Amino acid sequence: MTLELTGRHLIAGEWTESETTFRSMPIDGGGRVFFAGTPELVDAAASAAEEAFWSYGYSAREERASFLEAIAEEIERRGAEITEIGAQETGLPTARLEGERGRTTGQLRLFASHIRDGAYLDRRHDLALPGRQPVPRPDLRMLQRPIGPVAVFGASNFPLAFSTAGGDTAAALAAGCSVIVKGHGAHPGTGEIVAQAIAAAISRHGLHPGVFSLVQGGKRDVGEALVTHPLIKAVGFTGSLAGGRALFDLCARRPEPIPFFGELGSVNPMFLLPEAVRARGVAIGKGWAASLTMGAGQFCTNPGVAFLVDGPEADALIGATADALRTIGRQAMLTDGIAAAYRDGVCRVGAAAGVKELLGSSCETRHAAPCLLETTGEVWQCEHAIGEEVFGPLGIVVRLRDLAEMESIAQGFAGQLTATLHMEAGDMATARHFLRILERKAGRILANGFPTGVEVCDAMVHGGPYPASTNFGATSVGTLSIRRFLRPVCYQGLPNEILPADIAD
Ligand code: NAP
């Protein structure tokens, strides 16, 4: 198979070059040349996205649903190339990339059926009350309308499901928004082939080519130009807290501030309640090790820290975790930068006073081995730096004096994507009490499971209070994520003839 890569940007249907280039960094060396993004390209893409919105934003739901299905088909048609280039660029195993492709096409089809169903429009109608005293009531109708052109920042750790045609793009296109993706420099070739699939679906459906553009990365000014462009009306982002916060602040400082839906990451605490530790400590330890090392720990839902009351049962659980982690070898990481950040994070946490190493991590160039550290509740509460996310297979186990200390730690947590309780029937009263605390801290609360593996479905919430996300009341996974790219409009007393078809009589 020959990969047909141009190294170019896709700007409103044209494969476009720019003056400067960058080299991709595949796992096996080599690398390809890609044209680097520029603010001028962002401007051209934004103008085309705005122009496209005047038709696409008013298209019928059925038309958009079949367009989303066409993108899924075009991705499947290029499945082998996507896996080949994706494996080279990210070092992810073939099976993972094939699974992620299925998740990506499944997401597109889920949004197709979601918009066909129409419940997402949240249509409301207050009938006119002409005879109401003292003031008559007019006819009032409400409908969710697409927000306008949307910018999407592809994630490094999901080259398909959170990137070019990933969840943010699928949700925005489903809503009726045109989209500009800022490609992630970790997988520009994968991004280009997926963009080819979207371009093919656009021409099959005869849509305005400005409905979708891909500006490859390269320099920081691309992202900045995108979020500050006056024609962009919302941003979807998955990445680091530092990067997300910088872009969020830029959005807030615009003359016209816009929503920045950032999915930023978290340590995903697990609270292991006493009866559960007693009844199945070894199984919990093994399960934690498997979840912690899935995808070399490069998931924002990675369960990075476990809290349990100290004692012989805690020893058994911790021993089982360490034994299971010891059997897991080195895994390739997504980029040299992420591998270096993992090395630094392990050193930083491991060097903190009162932290003991149970299993050390060897990490060379772009590979990582799991690491397990142990500390006490007292140290956890004083040394705030050890609670910061380390992206990779690092687990911290915290031995506590009692449940009161566990509660005080739970109360002290900042926003998280997930929080997990491991419990048995005898833990029910404690779990009920903890649930009230964790509901205020996390977007998703699990019992007796592990948070990696985010189901794409109606009830999913992948978000959480800051700093886990800047989604504030929204989710970046599942059908509810479409709400980020919609805006309610109320139509008061409008004649039926000019009302949008979705709300007219
Ligand atoms: P990142 O550094 O935040 O970058 C994400 C995207 O935002 C990239 O396209 C990047 O562009 C852009 N960007 C970041 N800061 C910017 C700024 N100040 N101005 C303009 N653009 C900016 O995240 P990453 O490269 O995916 O991974 C690095 C770290 O992010 C990881 O070590 C991990 O901690 C975290 N991460 C979290 C998640 C999650 O699911 N929450 C996923 C992946 C990674 P450039 O690359 O061109 O700079």
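This one's a predicted model, so the numbers in the text were calculated from it and none came from an experiment.

**Student:** Can you lay out helix 6 (residues 188-205) for me, pointing to particular residues and giving the numbers?
**Tutor:** Taking 1.5 Å of rise per residue, the 18 residues of helix 6 would be expected to cover 26 Å, and the 26 Å separating its terminal C-alpha atoms lies within 8% of that figure. Counting buried residues in helix 6 gives 13 out of 18 residues, a clear majority hidden from the surface. Count one or two residues on from helix 6 and you reach Gly 206, which has phi positive near 60 degrees.

**Student:** Explain the sheet that holds strand 6 (residues 140-146) to me, using residue names and the numbers behind them.
**Tutor:** Within the open sheet, the 3 strands sit side by side as 5-6-21. Their pairing is antiparallel. Since the sheet does not close on itself, it has two edges, and those belong to strand 5 (124-126) and strand 21 (486-492), each with one partner. Each strand axis lies, on average, 25 degrees off the axis of its neighbour in the sheet, ignoring direction. Two strands pair when backbone bridges link them, and strand 5 and strand 6 are joined in this way by 3 bridges, in the antiparallel orientation. Across the sheet, the residue bridging to Asp 126 is Leu 140, located in strand 6.

**Student:** Tell me about the site of the ligand, and name the residues and values.
**Tutor:** Residues in contact with the ligand amount to 20 residues; listed here are only the nearest, Ser 156, Lys 182, His 184, Arg 220 and Ser 240. Side-chain polar atom of Ser 156 to an oxygen atom of the ligand: 2.7 Å apart, as the coordinates give it. At a separation of 3.3 Å, a nitrogen atom of the ligand approaches a polar backbone atom of Gly 239. A total of 870 Å² of accessible area belongs to the ligand in isolation, and the protein chains cover 85% of it. Breaking the shell around the ligand down by element, the ones donating at least two residues are helix 7 (220-228), strand 10 (234-238) and helix 8 (241-253). The element contributing the most residues to the shell around the ligand is helix 8, with 3 residues. Considered class by class, the residues forming the shell around the ligand number 8 nonpolar, 8 polar and 4 charged. Counting the residues that make up the shell around the ligand, at least three belong to each of domain 1 (9-264 + 469-498) and domain 2 (270-447).

Quick notes on the rules
- Residues numbered from 1 in each chain as written.
- Predicted model: local features only at pLDDT ≥ 70, side-chain atom pairs only at ≥ 80, totals over all residues.
- Heavy atoms only, no water.
- Helix = DSSP H or I, 4+ residues; strand = E, 2+ residues; numbered from the N terminus.
- Expected span 1.5 Å × (residues − 1).
- Buried < 20%, exposed > 50% of the residue type's maximum accessible area, 1.4 Å probe, protein only.
- Pairing = 2+ DSSP bridges.
- Axes fitted to C-alpha atoms, helices over the stretch in contact; angles between N-to-C directions.
- Near = heavy atom within 4 Å.
- Polar contact = N/O pair within 3.5 Å; in protein donor to acceptor, adjacent residues only side chain to side chain.
- Areas by Shrake-Rupley, 256 points an atom, 1.4 Å probe, with all protein chains shown as cover.
- Nonpolar A, V, L, I, M, F, W, Y, C, P; charged D, E, K, R; others polar.
- Domains from an automatic or database assignment.

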